[in-house]
Amino acid sequence: MQALLDHARSFHRNPGRDADTLRALAAGQSPEAMVISCSDSRVVPALITGAGPGEVFELRNAGNIVPPPGSGAPSGEAATIEYALQVLGVRDVVVCGHSHCGAMDALASGSDLSGLPGVEAWLSLVRPALTPYLTPCVGTRPGTEARLERIVQRNIVHQLAVLGSYPAARRLMNAGELRLHGWYYRVETGALLELGDDGTFEAR
Ligand SMILES: [Zn+2]
């Protein structure tokens, strides 16, 4: 922790963070994109995209999950999405999943989550949509990386669909003003696979 603390304390003294640059950020933000990613410490959207302060609006949680809109319950995810689309005017949104995802692996492996009620409740949001992919099929045996990759990628596609069901997102998409992107990040290589129109993820 000490190294992290030391870095935070000297952050404002690093190159590129002179007083004028930092002061300009106080005038407001106009991020180019919103990235919805897993909280996993190995996946750092700003680092992957090379973004500096003010350039990427991040929403992170376990499993990069977008709760359905309109549940009535207070939702940090819903608030963040609304603010990005309706206040900041963000017009590109990325849902970024990743290899070796603990949240998706818990679903894939059928882990006993009775000791983690918060995780269990959270993952219940996505379990029904992913159930068809949780059944092992040819070439994707339980516990294999390929199987988990498939589940993570289907989760990304599902979360994009949920995101598109938010009223603000639907309005913008109907007007052709919102672009949704699916990214799959490989932790072990740093490679980025992008979701194409054909529903597959490939390096482009
Ligand atoms: Zn994850």
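Everything that follows concerns the structure shown earlier in this document.
Residues numbered from 1 in each chain as written. Predicted model: local features only at pLDDT ≥ 70, side-chain atom pairs only at ≥ 80, totals over all residues. Heavy atoms only, no water.

1. Examining the overall build of the chain
- Across its full length, the chain carries nine helices and six strands.
- Taking 204 residues into account, the globule formula puts the C-alpha radius of gyration at 17 Å, and the chain, at 18 Å, falls close to it.
- Overall, the C-alpha framework of the chain stretches about 60 × 45 × 40 Å when taken along its three principal axes.
- Working note: accessible area of the chain is about 11,200 Å², and carbon and sulfur atoms make up 55% of it.
- Charged side chains of the chain number 17 positive and 21 negative; the gap between the two group centres comes to 2 Å. (Helix = DSSP H or I, 4+ residues; strand = E, 2+ residues; numbered from the N terminus. Rg over C-alpha atoms; globule rule 2.2 N^0.38 Å. Areas by Shrake-Rupley, 256 points an atom, 1.4 Å probe, with all protein chains shown as cover. Lys, Arg positive; Asp, Glu negative; His and termini not counted. Charge placed at Lys NZ, Arg CZ, Asp CG, Glu CD.)

2. A word on the pairing of strand β5 (residues 192-195)
- Pairing analysis gives three bridges linking strand β4 (residues 179-185) to β5, with the strands arranged antiparallel. Looking at β5, one finds that Trp183 is bridged to Glu194.
- Between β4 and β5, which pair antiparallel in sequence order, lie six residues; one of them, Gly190, sits at a positive phi of approximately 80 degrees.
- Pairing of β5 with strand β6 (residues 201-202) involves two bridges; the strand directions are antiparallel. Its bridge partner lying in β6, Leu195 is registered against Phe201.
- Counted along the chain from β5 to the antiparallel partner β6, the turn is five residues long, and its residue Gly199 has a positive phi close to 85 degrees. (Pairing = 2+ DSSP bridges.)

3. A few points about the environment of Gln86
- Looking at the secondary structure, you find Gln86 in helix α4 (residues 76-87).
- Taking C-alpha positions, Gln86 is 9.1 Å from Ala169, a pair spaced 83 residues apart along the chain.

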